[in-house]
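If you want the building blocks of each chain, they are given just below.
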Amino acid sequence: GGIEILAVLADRQKETVAAFLRAIPEPLRRTIERACTDMYEGFVNAITEEIPWAEVVIDRFHVARAYRDCADAVRKRELKRLKRALPKAEYAEIQGAMWPFRKRPEALEPQERERLERLFTYAPKIEAAYHLREDLTDLFERDYTKAGAKCATRAWCKRVRQSGLAEFE
């Protein structure tokens, strides 16, 4: 029902985005309500400086990739710790858990679930990261009102803080 502008710019420089936004005629620029972007700081900063009244919207793909990367960082850190701490035979029992860790719970095969559970017994932080990641994915898949989504997101953030997993910051 309105005008939508999609821009493919020459590079990922903040100044390129700012120049593009300034090139939009002032009467049209004043009507911009939202600017959708990835999480690149230069893009976000250009938007907030050039059209400060517009709501910055980060696309779901980049948000999901970021929080999934956070969970994976916990997995990597904890596996390094376990490799030093466990006897080789015990560590071998949890090797190969990367792919099961990256899967949704409902997609796990029985042997993958078993390997993941074994890993969780050695590394509760990995289990916490896994569940936080899945909880946020579930949150995104629900049909919330705006207020409900904010409340659910804040509750998830509180659980992250309580977990002590700095990777999610």
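Because the structure is a prediction, the values reported are computed rather than measured.

1. Examining the state of the cysteines
In step 1: Tallied over the entire structure, the rule returns zero disulfides.
In step 2: We note that cysteine 70 lacks a disulfide partner, and the nearest cysteine sulfur, in cysteine 157, lies 11 Å from it.

2. Section: the environment of alanine 46
In step 1: With respect to the helices, strands and loops of the structure, alanine 46 is situated in helix α3 (residues 41-50).
In step 2: C-alpha of alanine 46 to C-alpha of alanine 18: the two residues are 28 residues apart in sequence and 5.1 Å apart in space.
In step 3: Ignoring anything within four residues of it in the chain, the contact list for alanine 46 reads Lys14, Val17, Ala18, Leu21 and Ile51.

3. Quick look at helix α4 (residues 60-85)
In step 1: The end-to-end C-alpha distance of α4 is 38 Å, a good match for the 38 Å that 26 residues give at a rise of 1.5 Å each.
In step 2: Where α4 is concerned, the buried positions are His62, Ala64, Tyr67, Cys70, Ala71, Asp72, Val74, Arg75, Glu78, Leu79 and Leu82.
In step 3: If you follow the buried residues of α4, they end up packed against α5 (88-94), α6 (98-102), α7 (110-122) and α8 (124-141).
In step 4: For α4, the N-terminal capping position is held by aspartate 59, with its side-chain oxygen 3.2 Å away from the main-chain nitrogen of phenylalanine 61.

4. A word on the packing of α7 against α8
In step 1: Put simply, α7 and α8 touch, their axes get as near as 5 Å, and they point 120° apart. By the angle class used here, α7 and α8 are oblique. Seen from α7, the contacting residues are Leu116, Leu119, Phe120, Thr121 and Tyr122; seen from α8, they are Pro124, Ile126, Glu127, Tyr130 and His131.

5. What to know about the pattern of salt bridges
In step 1: The full count for this structure, using the stated rule, is 21 salt bridges.
In step 2: With a closest N to O distance of 3.2 Å, arginine 12 and aspartate 38 form a salt bridge. Here the residue arginine 12 occupies a position in the segment before α1 (14-23), and aspartate 38 occupies one in the loop between β1 (34-37) and α3, the gap between them amounting to 26 residues.
In step 3: The class for arginine 12 is partly exposed, based on a relative accessible area of 40%.
In step 4: Of the charged contacts, one joins glutamate 141 and arginine 104 as a salt bridge, the two residues approaching to 3.5 Å between their closest N and O atoms. Of this pair, glutamate 141 sits in helix α8 while arginine 104 sits in the loop between α6 and α7, placing them 37 residues apart in sequence.

Conventions we followed
Residues numbered from 1 in each chain as written. Predicted model: local features only at pLDDT ≥ 70, side-chain atom pairs only at ≥ 80, totals over all residues. Heavy atoms only, no water. Disulfide = S-S within 2.5 Å. Helix = DSSP H or I, 4+ residues; strand = E, 2+ residues; numbered from the N terminus. Contact = heavy atoms within 4.5 Å. Expected span 1.5 Å × (residues − 1). Buried < 20%, exposed > 50% of the residue type's maximum accessible area, 1.4 Å probe, protein only. Polar contact = N/O pair within 3.5 Å; in protein donor to acceptor, adjacent residues only side chain to side chain. Axes fitted to C-alpha atoms, helices over the stretch in contact; angles between N-to-C directions. Parallel < 35°, antiparallel > 145°, perpendicular 65-115°, else oblique. Salt bridge = Lys/Arg side-chain N within 4 Å of Asp/Glu carboxyl O.

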